[in-house]
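# Inside the fold
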Amino acid sequence: MVTICNRLNYSGWRAAFLHTALTFLIFSCGFFFSGCQKNNPPATDPHVEKRNDQQLAPAAPIEEKRELPAALDIQNPLFVNVADQTGISFRYDNGAIEKALMTESTGGGAGWLDYDRDGWQDLFFVQGGNPLNKTPHTEGDQLFRNRGEEAFENVSLRSLPSDMFHGQGVAIADYDNDGFPDIYVTNVGANVLWKNNGDGSFSDVTEYAQVGDTHWSTSAAWADLDLDGDLDLYVCNYTVYDVHDPVPCMDDDGKPIICHPQLLEAENNSCYENLGDGTFRPILNKWGLEAEEGKSLGVIAADFDRDGLIDLFVANDVTPNHLFRALEPGKFVEEGVIQGCAMSSLGKYQASMGVACGDYDNNGYPDLYVSHFTDDSNTLYQNLGGIGFRDVTRLVQLHTPTLEFLAFGAMMTDFNFDGRMDLVVANGHIDDWRDRGDAWKMTGQVFTFNGKHWQEVTKSAGNYFKIPLLGRAIAQADYDNDGSPDLAIVNQNEPAALLHNEQKDGHWLKVQLVGISSNRAGLGATVELKCNNNIQVQQLISGESYCAAHEPVLFFGLGNHSDDCEILVHWLRKDHPIERWQVKCDQFITLIEGQGEPHHRENE
């Protein structure tokens, strides 16, 4: 996780890529001249030559772009930290010691789940601590039960098994389709799978399930990758690193510092096929999900090309990102470079950490927002309708605002229900570089999309965003059941935040899916919402943000549209069924597979 200018050691491969990119640029300018115009000048990177701000202009999406809703008199997103008054008291211990172990820089996960099925979202935190310790952290992983009425209760001691290892992130889903969400914790050391017993407690089934990855794992995602109706597990692993015998890294004064990831070998990621009997088997190579030089920190499981199969985007640190496109159930091919999301538009590898995902341009296909290191902005990859991605960061004015920040967790959601996407980003450095001119603790950031470009609205988003912190995971849920998405944010060595969403002027819909033949939570399904000739498309994805898990629902902002809406649900199954519902706005609805009206595209 270092600034981009220090990681270009792959000169031969990079030269070949830049030659190809230059050829394409010349072609593009000849046929798509409007895409070669200049934007505002970018900030100058102090370590590299001033960057060319021109963007390539690939062909337009196949599908006609849907119109975004007209501008509305709706206030920008506003959040209030209510952690203290609701009883959320958690502090992630990153285990910082004099040795400056690399593992202290990445941890801090959180996830939402209704573990007791009472209709209220509960909150789980992953704990870190000194990875050299041989006993569990005294304040280990924590589970806070939502009692309703704006109150949480810490039930960790009576509900959770013990976790010996230094925690990083969490992935939550109902892997056995019994109706109760289960917890998978990624660690520096052996990961753990805790099965929900349905009585308010969890059991450690890691050994039986055979998913105890022993590497340095970060983010993970549950997804039905083979379309057999149950959820498989993809796990991001970072580098080959032994906390008991670490690579020594020193500054000029001989002081230990966090090592540059280029000094370490990439660790292979892991993928486990759910066998349907409570056990899994390693399947990474057989399914074509192996790739060199990963150093993976973030993952998104989504159907990026809308072909009814789940693809995987993997955010890698100082190496090209990976996009595993599904060719058929359980068969993938890596196409990050071909699809245009492996690196920036300048042909540079970036320090990719977290990933937000949403259809910001309303063309029906999920876009990607990837968080990065200081002096190298976060990147917005626009999905061109299933034919690839392009880096539009500068074109939509997202480049300059993030240059001074080091970002991890990010969420793309319509937080104020105006019908357009917003972004919330958690920032914070991996090491104290104030003597080099970088901030250490950093404020988070909030952006809104106005239909043409993004604008930063952090100053009006609430007092929480004025406090410099070491932000990591962002996890989203409607914890108070008022219909609007709230956020839990983990900060290293500081109290976690619970941000209540105060802004809900527009009309809305909150949609929960229940699978019958498909997986229980409906993960991977695509939902089309049609209101007054306006169409929005969302997918119930997995893995978004960084080391986080979210309430498995979809939030739709309708702006000033208050009429009845039509919903089409594309369930994730091999026969690709579509079902139709007619619903009223401003409500939380549950759609059960098989109970909607069958819908056929040829009838449209």
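Everything here concerns the structure above.
To keep things clear, this report deals only with the structure shown in the data block. In this text the structure is predicted, and so the values were computed from the model without any measurement.

## Observations regarding the overall build of the protein chain
Helices and strands together make up the secondary structure of the protein chain, namely 5 helices and 37 strands. Counting all 604 residues of the protein chain, 63% fall into the buried class. Considering only intrachain contacts with a sequence separation of at least 6, the fraction spanning at least 24 residues in the protein chain is 62%. Carbon and sulfur atoms make up 48% of the accessible area of the protein chain, which totals about 22800 Å².

## What to know about the packing of aromatic side chains
Within the structure shown, the criterion is met by 22 aromatic pairs. Geometrically, the ring pair formed by Phe 79 and Phe 415 is edge-to-face, given 5.4 Å between the ring centres and 75° between the ring planes. Taken as a pair, Phe 79 in strand β1 (residues 79–81) and Phe 415 in the loop between β22 (407–413) and β23 (422–427) lie far apart in primary sequence, 336 residues in all. Summarising the burial analysis for this pair, Phe 79 and Phe 415 share the class buried.

## Looking at the side chain of Gln 538
Examined against the element boundaries, Gln 538 turns out to sit in strand β31 (residues 534–539). Owing to a relative accessible area of 13%, Gln 538 belongs among the buried residues under this scheme. A distance of 2.7 Å separates the side chain of Gln 538 from the backbone oxygen of Phe 555, its partner in a polar contact. Other than its neighbours up to four places away in sequence, Gln 538 contacts Ala 525, Thr 526, Val 527, Leu 554, Phe 555 and Phe 556.

## Topic: the state of the cysteines
Each disulfide is one covalent bond, formed between the sulfur atoms of two cysteines. Summed over all chains, the structure comprises 2 disulfides. Two residues share a disulfide in this structure: Cys 531 and Cys 565, whose sulfurs sit 1.9 Å from each other. Here the disulfide of Cys 531 and Cys 565 is right-handed, its torsion about the S-S bond being about 120°. Residue Cys 531 is located in strand β30 (residues 526–531), and its partner Cys 565 is located in strand β34 (residues 565–570); the two are separated by 34 residues in the primary sequence. Across the pair, Cys 565 and Cys 531 agree in class, each one buried. Summary of cysteine pairing: Cys 547 is not part of a disulfide, and the nearest cysteine sulfur, belonging to Cys 236, is at 8.4 Å. With relative accessibility at 1%, the residue Cys 547 sits in the buried group.

## A word on the pattern of salt bridges
Applying the stated criterion to the full structure yields 18 salt bridges. For the salt bridge of Arg 158 with Glu 153, the shortest nitrogen-to-oxygen distance reads 3.2 Å. A relative accessible area of 54% places Arg 158 in the exposed class. The class of Glu 153 is partly exposed, set by a relative accessible area of 27%.

## Looking at the environment of Pro 248
Of note, Pro 248 is situated in the loop between β11 (232–237) and β12 (270–274). With 149 residues separating them along the chain, Pro 248 and Lys 99 place their C-alpha atoms 8.3 Å apart.

## Comments concerning the nonpolar core
As a rule of thumb, soluble globular proteins bury nonpolar side chains together. Membership of the largest hydrophobic core comes to 36 residues, with the highest contact counts inside it found for Tyr 184, Leu 193, Trp 222, Leu 509, Leu 513, Ile 567 and Val 569. Taken domain by domain, this core gets at least three of its residues from each of domain 1 (79–508) and domain 2 (509–600). The residues touching Ile 567, leaving out its near neighbours within four places in the chain, are Leu 509, Val 511, Val 527, Glu 528, Leu 529, Glu 579, Arg 580, Trp 581, Val 583, Ile 589 and Leu 591. Counting 25 residues, the second-largest nonpolar core is a separate cluster that includes Trp 216, Tyr 241, Cys 249 and Cys 259.

## Brief notes about unusual backbone geometry
With a phi angle near 55°, Ala 100 is a residue other than glycine that sits in the positive phi range. Along the chain, Ala 100 turns up in the loop between α2 (83–86) and β2 (110–113). Relative accessible area serves as the criterion here: at 11%, Ala 100 is assigned to the buried category. With a phi angle near 60°, Val 318 is a residue other than glycine that sits in the positive phi range. With respect to the helices and strands, Val 318 occurs in the loop between β15 (311–316) and β16 (322–328). For Val 318, a relative accessible area of 0% corresponds to the buried category.

## Let's talk about the sheet that holds strand β7 (residues 182–188)
Strands belonging to one sheet form pairs held by backbone hydrogen bonds; the direction of such a pair is parallel or antiparallel. Strand order in the open sheet formed by 4 strands is β6-β7-β8-β9, and the pairing between neighbours is antiparallel. Strands at the two margins of the open sheet, each flanked by one partner only, are β6 (166–173) and β9 (202–204). Neighbour-to-neighbour, the strand axes of this sheet turn through a mean angle of 25°, independent of strand direction. Across 3 bridges, β7 lies against strand β8 (residues 192–196) in antiparallel orientation. Note that in β8 the partner of Ile 183 across the bridge is Trp 194.

## Points about the pairing of strand β26 (residues 471–477)
For β26, the tally of buried residues reaches 7 of 7 residues, placing the bulk of the element in the interior. With 5 bridges connecting them, β26 and strand β27 (residues 486–491) associate as antiparallel partners. Across the sheet, the residue bridging to Gly 471 is Asn 491, located in β27.

## Here's the deal with the environment of Trp 112
Within the secondary structure, Trp 112 is located in strand β2. Considered as a pair, Trp 112 and Pro 181 are 69 residues apart in the sequence and their alpha carbons are 9.8 Å apart. Among the polar contacts made by the side chain of Trp 112, one reaches the main-chain carbonyl oxygen of Ala 475 at a distance of 3.1 Å.

## Looking at the sheet that holds strand β24 (residues 445–449)
The antiparallel open sheet is built from 4 strands, whose spatial order is β22-β23-β24-β25. The open sheet has two free edges, formed respectively by β22 and β25 (454–456), since each of these has just one partner strand. For this sheet, the mean inter-axis angle between neighbouring strands, taken without regard to orientation, is 20°. Two elements, β23 and β24, share 4 bridges in a ladder whose sense is antiparallel. Note on β24: the bridge partner recorded for Leu 423 is Phe 447.

## Focus on the side chain of Asp 303
Tracing the backbone shows Asp 303 in the loop between β14 (296–302) and β15. Within the buried core, Asp 303 has no salt-bridge partner, and the shortest N-O distance to an opposite charge, that of Arg 306, equals 5.3 Å. A polar side-chain atom of Asp 303 sits 3.2 Å from the main-chain amide nitrogen of Asp 307. Once residues lying within four places of it in the same chain are set aside, the contact partners of Asp 303 are Gly 308, Leu 309, Ile 310, Asp 311, Pro 366 and Gln 539.

Procedures and definitions
Residues numbered from 1 in each chain as written. Predicted model: local features only at pLDDT ≥ 70, side-chain atom pairs only at ≥ 80, totals over all residues. Heavy atoms only, no water. Helix = DSSP H or I, 4+ residues; strand = E, 2+ residues; numbered from the N terminus. Buried < 20%, exposed > 50% of the residue type's maximum accessible area, 1.4 Å probe, protein only. Contact = heavy atoms within 4.5 Å. Areas by Shrake-Rupley, 256 points an atom, 1.4 Å probe, with all protein chains shown as cover. Phe/Tyr/Trp six-rings, centres within 6.5 Å; stacked < 30°, edge-to-face > 60°. Polar contact = N/O pair within 3.5 Å; in protein donor to acceptor, adjacent residues only side chain to side chain. Disulfide = S-S within 2.5 Å. Salt bridge = Lys/Arg side-chain N within 4 Å of Asp/Glu carboxyl O. Core = buried A, V, L, I, M, F, W, Y, C linked by side-chain atoms within 4.5 Å. Domains from an automatic or database assignment. Pairing = 2+ DSSP bridges. Axes fitted to C-alpha atoms, helices over the stretch in contact; angles between N-to-C directions. Lys, Arg positive; Asp, Glu negative; His and termini not counted.

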